[in-house]
Amino acid sequence: MSPPATPDPDLQRALSDPGFTPGRRHFAALLDLLAAAGEPAELAERALRRAGAAALPATIERADGAAPALRAPLTRLVGKLMAASPIEPEAAARARDYLLARLRDDDRRTRRMAAVALGKPAAAEAGRSIVEAALAEAARGERSPDVRRALIDALGKVGGDAALGVLAELGGDEDVAGARSRAELLARRTLSRGEPSAIAGDRAPERPVRVAVRCRRGLEEILAEELAALDLGAPGGALAPEIRSDPCGGTRVEVTLSGRLDVLFGARTMLSFALPLPLRKLAAEGDVAAAVAERLLSREARDALRRFTVGAIRYRIDWARGGKRRAAVFRVATAVEAEAPELVNDPTQSTWDVVVYEGDDRIRVELAPRLPDPRFTYRRGDVPAASHPTIAAALARIAGARADDVVWDPFVGSGLELCERALLGPYRRLVGSDRDPRALQVARENLEAAGARGAELLQRDASGPPPPGDAPTLILTNPPLGRRVERTGDLDAMLDRFVEGAARALAPGGRLVWISPFPERTEAIARRSGLRPEVLQRVDMGGFDAQIQSFHKQAPRQHASGDRGDLRRGDGGGRALAGRRGRGAQQAEPRGEQHRPARQEERHDHRDDDPKPPRAVGRRHIADKSAAVGPPEGRRRRRG
């Protein structure tokens with residue numbers, strides 16, 4: 001059928017909408033447009049791909065009788081539709097059979113498109129042995145070098161003994177030597193997937209090892225203090241956390257691990273941890289792939305991988321700067337397999353991430369085990385712009401835990417802040433409020449899963465009055481600041497009203513711990529409202545910066561002689577962190593560090609490229625000459 005000069009005006013308008021998903025009545029016209037050159041064909045294909053498996057029958061029917069010029073793009077489209085969405089077994093089998101038939105097509109381009117499509121997982125799932133046998137037969141008889149390369153690549157992805165046999169037969173063909181080597185590597189990987197693989201988190205290293213622990217930028221000091229608290233009762237001994245930063249490895253907290261690997265999950269602000277290998281210096285124009293392979297084949301890497309892996313050792317390569325860099329990955333995998341075939345490069349079923357950092361003519365390779373994270377299993381639901389759980393954990397830790405706490409989260413969302421506060425220690429009352437009833441339902445499910453007994457959830461505006469009953473001693477919250485929430489002047493004004501209302505609502509001696517997208521503005525309003533800043537900490541919220549702010553509402557002074565002591569006992573304590581001296585989260589006594597002169601409390605601007613980071617990574621602890629404030633009673637007690 002000859003395509004129309006222009007598409008139907010209504011269809012043309014629909015195609016300009018990136019959200020347009022065609023129905024069956026559109027399929028014939030869209031398939032006609034595929035024969036047109038340029039933008040109409042591209043838009044038609046995108047629309048059909050959005051339709052997914054529903055467009056398969058019409059596409060196969062049209063392709064069966066199409067001229068070669070149209071049969072090749074239609075065959076490619078069949079493969080993409082087959083992989084676009086879940087598909088019924090009957091439809092998958094029909095698409096597979098069509099692609100298998102096209103391996104014998106007279107048109108070279110059509111044969112190549114069929115081979116590429118059959119190498120996709122969706123085609124293999126529709127009958128791996130059938131697909132493997134057909135690809136092997138086609139590869140033996142194919143004379144076109146580019147089609148043979150496509151067939152060999154598909155054989156590698158499908159894998160199996162038959163694939164390896166055919167690939168060995170093609171060993172003398174120089175035209176496809178590179179494709180054959182890669183395909184053999186992929187096929188052996190597929191065959192190895194029958195062996196289980198897991199990380200043994202309950203194992204300790206044979207000798208103490210360094211571990212790099214990472215978190216959201218800005219939380220390094222809090223993470224270090226959490227890790228120091230894990231020293232208490234740790235059978236492996238002190239972790240001795242240190243904040244490190246360099247151009248190659250970025251900023252992280254490093255510890256010395258002697259005990260079980262999974263003990264590190266005791267740090268709730270942690271994002272990930274990995275075993276760093278010694279730095280490798282690169283010569284001028286050095287081959288990064290060769291250097292990565294050398295690190296993976298080192299004694300340190302092999303000892304760690306064997307020690308902590310049960311079953312097959314599977315790894316994937318992750319470039320810290322981003323990108324897939326397939327050619328470099330292939331060179332690494334080939335070099336590693338030649339010397340250590342037990343190390344299998346498998347990006348889809350890996351148990352280790354090999355993370356490569358580059359900088360200063362050096363590379364840093366870290367081995368990150370893929371262990372199930374037991375910390376946030378209470379998350380049964382989520383809402384838009386909800387907190388990341390490690391951010392919620394940081395807020396709760398800064399706030400601290402007092403047994404008499406009346407905690408209120410006015411922007412409760414999915415309830416993660418209240419969940420983390422409940423897990424941190426005892427409280428008298430937990431209250432969350434939100435305008436969205438759906439968010440309240442999600443928060444209720446999460447709080448129940450976290451074991452937060454007696455939590456109350458109310459539908460109300462955050463700028464309104466506090467919940468009825470005793471005044472809150474702690475307002476702990478993360479207002480909606482994600483990219484999905486537009487930052488307008490209305491948000492400014494709403495947060496202004498919130499801070500003013502929080503200052504009025506707090507009980508004397510209470511504290512406000514939250515995250516502000518407009519830190520200078522909200523700090524000024526808090527000060528004017530009678531709140532004293534305790535901690536101001538810039539933090540990465542996942543693409544933009546905000547500031548964790550902890551404010552304290554000073555209790556009325558009873559008499560001059562008792563001012564300092566009363567304040568110390570009643571302080572809500574934005575300074576709930578105690579790990580600097582290796583002491584744990586259960587401490588309650590005041591520390592001398594809190595009495596440092598004001599000149600030592602200056603703000604540090606710390607960046608990843610700073611080779612010698614200051615100890616306080618971007619955090620401001622605000623000193624007050626009128627009173628020295630210590631942690632509140634009971635803050636360091638663990639729950640239970």
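Just so it is clear, the model here is predicted, and its values are computed rather than measured. (Residues numbered from 1 in each chain as written. Predicted model: local features only at pLDDT ≥ 70, side-chain atom pairs only at ≥ 80, totals over all residues. Heavy atoms only, no water.)

Concerning the overall build of the protein chain
Of the regular secondary structure elements, the protein chain holds 22 helices and 19 strands. For the protein chain, buried positions account for 54% of its 640 residues. Taking the intrachain contacts of the protein chain between residues at least 6 apart in sequence as the baseline, contacts between residues at least 24 apart amount to 74%. Entry remark: accessible area of the protein chain is about 28300 Å², with carbon and sulfur atoms responsible for 49%. (Helix = DSSP H or I, 4+ residues; strand = E, 2+ residues; numbered from the N terminus. Buried < 20%, exposed > 50% of the residue type's maximum accessible area, 1.4 Å probe, protein only. Contact = heavy atoms within 4.5 Å. Areas by Shrake-Rupley, 256 points an atom, 1.4 Å probe, with all protein chains shown as cover.)

Section: the environment of R331
With respect to the helices and strands, R331 occurs in helix α16 (residues 326–339). A relative accessible area of 43% means that R331 is categorised as partly exposed. Sequence separation between R331 and A290 is 41 residues, and the spatial gap between their C-alpha atoms is 7.5 Å.

Details of the packing of aromatic side chains
Taken as a whole and judged by the stated rule, the model has 4 aromatic pairs. Note on F265 and F273: the rings are 5.7 Å apart at their centroids and 70° apart in plane angle, and the pair reads as edge-to-face. What makes F273 buried here is its relative accessible area of 5%. Centroid distance F498 to W514: 5.2 Å. Interplanar angle 50°. Geometry classified as tilted. In this pair, F498 is assigned in helix α20 (residues 489–505) and W514 in strand β16 (residues 511–516), connecting sequence segments 16 residues apart. Note on accessibility: F498 and W514 belong to one class, buried. Taken together, the aromatic side chains of F411, F498 and W514 make up a single cluster linked through ring pairs. The ring centre of W319 lies 4.0 Å from the NZ or CZ of R325, which sits over that ring. (Phe/Tyr/Trp six-rings, centres within 6.5 Å; stacked < 30°, edge-to-face > 60°. Lys NZ or Arg CZ within 6 Å of the ring centre and 35° of its normal.)

A few points about the pairing of strand β18 (residues 545–553)
Burial runs high along β18: 8 of the 9 residues are buried. Pairing between β16 and β18: 6 bridges, direction antiparallel. Bridging across to β18, L512 finds its partner in F551. As judged from the 9 bridges shared by strand β17 (residues 531–540) and β18, these two strands associate in the antiparallel manner. When the sheet's bridge partners are listed, V535 is paired in β18 with S550. Adjacent in sequence and paired antiparallel, β17 and β18 are bridged by 4 residues, among which G542 carries a positive phi angle near 95°. (Pairing = 2+ DSSP bridges.)

Re the confidence of the model for the protein chain
Averaged over the protein chain, the pLDDT score is 82; the fraction of residues at 70 or greater is 82%. Scored below 50 in pLDDT, residues 560–620 makes 169 contacts in the model with residues more than four places away or belonging to other chains. Counting contacts from residues 623–640, a segment whose pLDDT is below 50, to residues more than four positions away or on other chains yields 72 contacts. (pLDDT = per-residue confidence, 0-100.)

Focus on the side chain of T75
Residue placement: T75 occurs in helix α5 (residues 68–84). For T75, a relative accessible area of 0% gives the class buried. Excluding its chain neighbours within four sequence positions, the residues that come into contact with T75 are Y98, L99, R102, T110, M113 and A114.

Topic: helix α13 (residues 220–229)
Residue pairs spaced three or four apart in an α-helix point in one direction, given the helix's 3.6 residues per turn. Counting buried positions along α13 gives 10 out of 10 residues, so the element sits mostly inside the fold. Those residues of α13 not exposed but buried are E220, E221, I222, L223, A224, E225, E226, L227, A228 and A229.

Focus: unusual backbone geometry
A positive phi angle, near 50°, is found at R325, a position not held by glycine. By the element assignment, R325 lies in the loop between β8 (313–319) and α16. Unusually for a residue other than glycine, D361 sits at a positive phi of about 55°. Tracing the sequence through the fold places D361 in the loop between β10 (352–359) and β11 (362–369).

Structural notes on the nonpolar core
Counting 87 residues, the largest nonpolar core has L227, F273, Y315, W352 and L367 as its most contacted members. Take this core: its biggest share by element is 7 residues, from helix α17 (residues 389–399). If we ignore the near neighbours within four places in the chain, the residues touching Y315 are L296, V332, A333, V336, L343, V344, N345, D346, P347, S350, W352 and V354. Counting 55 residues, the second-largest nonpolar core is a separate cluster that includes L15, A138, V147 and I152. (Core = buried A, V, L, I, M, F, W, Y, C linked by side-chain atoms within 4.5 Å.)

Regarding the layout of surface pockets
Reported here for the largest pocket is a volume of approximately 960 Å³. Along its surface, the largest pocket is lined by 28 residues, and R182, L186, R189, P347 and T348 are the ones closest to its centre. Where the lining of the largest pocket is concerned, the elements lending two or more residues are α8 (121–125), α10 (145–158), α12 (177–192), β8 and α16. Residue contributions to the lining of the largest pocket peak at 5 residues, all from α12. For the lining of the largest pocket, a count of residues per class yields 10 nonpolar, 7 polar and 11 charged. Looking at which element gives the most residues to the lining of the second largest pocket, the answer is α20, with 3 residues. Residue classes in the lining of the second largest pocket are distributed as 15 nonpolar, 7 polar and 9 charged. (1 Å grid on protein atoms, 1.4 Å probe; cavity = no way out; pocket = protein on both sides within 12 Å on 5 of 7 lines; lining within 4 Å. Points joined across faces, edges and corners; volume = space filled by probe spheres on them. Nonpolar A, V, L, I, M, F, W, Y, C, P; charged D, E, K, R; others polar.)

So, helix α15 (residues 299–308)
Inspection of α15 places A301, R302, A304, L305 and F308 among the buried residues, and these make up the whole buried set. Along the axis of α15, the buried positions cluster into a sector of 165°, meaning they face one direction only. (Arc of directions from axis to C-beta.)

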